[in-house]
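# Observations on chain architecture
So you can see what is in the structure, the chains are spelled out below.
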Amino acid sequence: MTDLGNKVVYQIYPKSFRDSNGDGFGDIPGVIEKLDYLAGLGVDYLWLTPFFLSPQKDNGYDVADYRRIDPKFGTMEDLESLILQCEKRGMGIMLDMVFNHTSTAHEWFQKALEGNEKYQEYYYFKDGSQEYAPTNWQSKFGGSAWEYVPGLNKWYLHLFDVTQADLNWGNRQVREELKEIIRFWKDKGIKGFRFDVVNLISKPEIWEDDLEGDGRRFYTDGPHIHEYLKELVKDTEIDALITVGEMSSTSLEHCVRYSSPKEKELSMCFNFHHLKVDYKDGNKWELMEPDFPALKTLFRQWQTGMQEGGGWNALFWCNHDQPRIVSRFGDEEKYWKESAKMLAGMIHLMQGTPYIYQGEEIGMTNPHYTSIQQYRDVESLNYYKILLEQNKTSEEALEILGARSRDNSRTPMQWTDEIYGGFSKSEPWLPISDNCGKINVKAQQDDSTSILSFYKKLIALRKEKEIISKGRITFFAQDNEDVMAYKRNWEEQELIIFCNLRGENSSAGIQPEWNTYRKLLGNYDSSPEIIDLHDISLRPYEIIVLEK
Ligand code: GLC
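Below, the structure is looked at part by part. Values in this document were obtained by computation on a predicted structure and should not be read as measured data. (Residues numbered from 1 in each chain as written. Predicted model: local features only at pLDDT ≥ 70, side-chain atom pairs only at ≥ 80, totals over all residues. Heavy atoms only, no water.)

### Thoughts on helix H8 (residues 225–236)
Its twelve residues give H8 an end-to-end C-alpha distance of 17 Å, which sits within 8% of 16 Å, the value for a rise of 1.5 Å per residue. Buried within H8 we find Ile225, His226, Tyr228, Leu229, Glu231, Leu232, Val233 and Thr236. Tucked inside the fold, the buried residues of H8 contact helix H6 (172–187), strand E11 (192–195) and helix H9 (252–259). (Helix = DSSP H or I, 4+ residues; strand = E, 2+ residues; numbered from the N terminus. Expected span 1.5 Å × (residues − 1). Buried < 20%, exposed > 50% of the residue type's maximum accessible area, 1.4 Å probe, protein only. Contact = heavy atoms within 4.5 Å.)

Here it is as structure tokens:
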């Protein structure tokens, strides 16, 4: 496997990145236009979310043909040119493989619906009467995870939208088909893969009701998951590439196995536990202030647990499913710049491979939509209805979506202060944030104090200092509720990182031996050069990095 420690991945949501042909919908030629910007940031890989042929019920995560490019995004020639142009700039493309399910518009599913038994075996079709679904499992987008097909007198499983039918990985033919798809893209020069909700692919042999939950405990990190991953990797020889699995509700023990090089499964894992510390009782649709002590504990457990087990983390705050981090754990008004930088530094200096989601590097915020008409995401629209059924008022439901909707991160990229933010010449498919006059790439590009410059600095530091990719991590000051504090050690080198999680001054203790350390990085334009050697007093959302 390639040494991934000093690599940085940039995630592109092509639909919202840059629209080159003025239809309000981002496309692959739009990505090509921005390659110099991305190379300038210093990132190594571009992960593009799905642009395959799709009815777009779940924005491309409902794939109808894994080998064709949806014409809305461009052509195969455009993609080939993107791959080439990336290579010239020393960057590689990572594709998003949605292998837990296909769109119901996929040929396989269509044949299954026509009664073809071979293709019914590609999915989970279960006999049963219309009154009773095979199990009581719930879809992650709300409602039952089963859909009845009257013509067949069968139900099919869909853990996500009703148009996303789960594939039967227990069927060898399915696994062979999926390997062929990987080979097809590898041959085109793709350098890595992200596997969508891949820890959900192995379903149990016995189908039973979940009397304690929504069914996830039966299929999460399911019975044959490690076997399937090993087989896929071995037969497609993707262990030489960069691979990352999206692991839903997973455990540390499984992630060690998924990502430990000796297991020959994946290079690294996304887990989401740190992004649930503001879910009340674990419920995404109940708002709560972030529980920072819990966040500290989770980072400590995962960082040190993966280190001890020999696994590797994907480090991230943002993606196309998560609200903007500066709106969530920072302060997008009073301390917008400071908190965006602190949050960036906090994870970039941990152990793992950092992922930057488009717009994060300029501190893009949630758009604060005021009407349900502004939303497009299937999960948000479903949950809006569910929240109203639970007797929430429409204001309350909108407040929840304002904080939790996946559309918060899917708004068009803010390139300039022009009307549609330089994303498009026409009205975008999803409304752009009102603050694009203030928050945009153009405004930050030549400003050495900007959030964008801070991200560039972090990426450059990772390339410059081995300790960031290779160093051991240890957490300290665990009882301090306001400050995340950790150390990195590598050979004779040492870094000490303090992050104030609060919008007030906080204090972090200091050890006498640090009095000779120099300040390597900070997020205040005028940080004190001389540090009080008894105590470091941190300003709101301040990050201070000391180097031995
Ligand atoms: C993943 C994707 C998300 C998608 C879901 C179903 O969580 O990131 O966008 O809706 O899988 O494919």
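Still more to cover.
### Here we look at the site of the ligand
Taken together, 14 residues form the shell around the ligand, and within it Asp58, Asp196, Glu246, His320 and Asp321 come nearest. Contacts to the ligand include Arg194, whose side-chain N or O atom sits 3.1 Å from an oxygen atom. In the environment of the ligand, an oxygen atom lies 2.9 Å from a nitrogen or oxygen atom belonging to the side chain of Arg406. Across the complex, the protein chains shield 96% of the 310 Å² of accessible surface that the ligand would expose by itself. For the ligand, the cavity whose grid points lie within 2 Å of the majority of its atoms is the largest pocket. (Near = heavy atom within 4 Å. Polar contact = N/O pair within 3.5 Å; in protein donor to acceptor, adjacent residues only side chain to side chain. Areas by Shrake-Rupley, 256 points an atom, 1.4 Å probe, with all protein chains shown as cover. 1 Å grid on protein atoms, 1.4 Å probe; cavity = no way out; pocket = protein on both sides within 12 Å on 5 of 7 lines; lining within 4 Å. Sits in = over half its atoms within 2 Å of the grid points.)

### Notes on the layout of surface pockets
Roughly 930 Å³ of internal volume is contained in the largest pocket. For the largest pocket, the lining is made up of 38 residues, of which Lys140, Arg216, Tyr279, Lys284 and Glu379 are closest to its centre. Per-class residue counts for the lining of the largest pocket are eleven nonpolar, 13 polar and 14 charged. The space that makes up the second largest pocket amounts to roughly 510 Å³. (Points joined across faces, edges and corners; volume = space filled by probe spheres on them. Nonpolar A, V, L, I, M, F, W, Y, C, P; charged D, E, K, R; others polar.)

### Some words on the sheet that holds strand E7 (residues 125–127)
Reading across from one edge, E7-E9-E8 is the order of the three strands in this open sheet, with antiparallel pairing throughout. Looking at which strands have only one partner, the edges of the open sheet turn out to be E7 and strand E8 (146–149). Here the average twist between neighbouring strands, direction ignored, is 35°. In this structure, E8 lies alongside strand E9 (residues 154–157), joined through four bridges in antiparallel fashion. Within the sheet, the bridge partner assigned to Tyr148 lies in E9 and is Trp155. (Pairing = 2+ DSSP bridges. Axes fitted to C-alpha atoms, helices over the stretch in contact; angles between N-to-C directions.)

### Observations regarding the nonpolar core
Counting residues in each nonpolar core, the largest one holds 151 residues, and the members touching the most others are Tyr10, Leu38, Leu46, Trp317 and Tyr355. Ignoring sequence-local partners within four residues, the contact set of Leu38 consists of Tyr10, Ile12, Phe17, Val43, Leu46 and Met91. Counting 15 residues, the second-largest nonpolar core is a separate cluster that includes Tyr124, Leu157, Phe160 and Tyr219. (Core = buried A, V, L, I, M, F, W, Y, C linked by side-chain atoms within 4.5 Å.)

### Description of the side chain of Asp96
On the secondary structure map, Asp96 appears in strand E5 (residues 92–97). On the basis of relative accessibility, which here comes to 1%, the residue Asp96 falls in the buried class. Polar side-chain contacts of Asp96 include one of 2.6 Å to the side chain of Tyr61. Here the side chain of Asp96 touches Arg194 through a polar contact of 2.8 Å, side chain to side chain.

### Considerations on the environment of Tyr123
Examined against the element boundaries, Tyr123 turns out to sit in the loop between helix H5 (117–120) and E7. Contact partners of Tyr123, with chain neighbours within four places excluded, come to Thr102, His106, Trp108, Phe109, Ala165, Asp166, Leu167 and Asn168. At 3.3 Å, the side chain of Tyr123 forms a polar contact with the backbone nitrogen of Phe109.

### Examining empty space enclosed by the protein
Counted by the stated rule, this structure contains two cavities of 30 Å³ or more. By volume, the largest cavity is sized at about 120 Å³. Surrounding the largest cavity, Asn271, His273, His274, Leu298, Phe299, Trp302, Gln303, Asn313, Ala314, Leu315 and Phe316 form its lining. Among the elements of the structure, helix H10 (292–309) and strand E16 (314–315) are those that each provide at least two residues to the lining of the largest cavity. Class assignment of the residues belonging to the lining of the largest cavity gives a composition of six nonpolar, five polar and no charged. When its volume is computed, the second largest cavity comes out at roughly 50 Å³. For the lining of the second largest cavity, the class distribution of residues is six nonpolar, one polar and two charged.

### Considering the pattern of salt bridges
Scanning all chains against the criterion turns up 38 salt bridges. Residue Arg216 is joined to Asp214 by a salt bridge in which the shortest nitrogen-to-oxygen separation is 2.8 Å. By relative accessible area, which is 31% here, Arg216 ends up partly exposed. Members of the salt-bridge network, linked through shared partners, are Asp58, Lys284, Asp321, Asp377, Glu379, Arg406 and Arg410. (Salt bridge = Lys/Arg side-chain N within 4 Å of Asp/Glu carboxyl O.)

### Description of the sheet that holds E16
Across the sheet, which stays open at both edges, the eight strands sit in the order E13-E12-E11-E5-E2-E1-E17-E16 with parallel pairing between neighbours. The open sheet terminates on both sides in strands that have one partner only, identified here as strand E13 (268–270) and E16. Direction of pairing for strand E2 (residues 45–48) relative to E5: parallel, over a ladder of four bridges. Considered in E5, the bridge of Leu46 is made with Ile93.

### Focus: the pairing of strand E12 (residues 242–246)
Side-chain positions along a regular strand alternate between the two faces of the sheet. Counting buried residues in E12 gives five out of five residues, a clear majority hidden from the surface. The side-chain alternation of E12 yields two buried faces, one formed by Ile242, Val244 and Glu246 and the other by Thr243 and Gly245. Bridging between E11 and E12 involves four bridges; their strand directions are parallel. Counted as the bridge partner of Phe195 is Gly245 from E12. Sheet analysis places E12 next to E13, joined by three bridges and oriented parallel. Residue pairing for E13: Val244 is matched across the bridge by Met268. Running through H9, the crossover from E12 to the neighbouring parallel element E13 is right-handed. (Right-handed = clockwise from strand over helix to strand, strands pointing away.)

### Re H6
Helix length check: H6, at 16 residues, gives a terminal C-alpha distance of 23 Å against a target of 22 Å (1.5 Å per residue), a fit within 8%. Between the side-chain oxygen of the N-cap and the backbone nitrogen of Gln173 there are 2.9 Å, and the N-cap of H6 in question is Asn171. Immediately downstream of H6, the backbone of Gly189 shows phi near 100°, a positive value.

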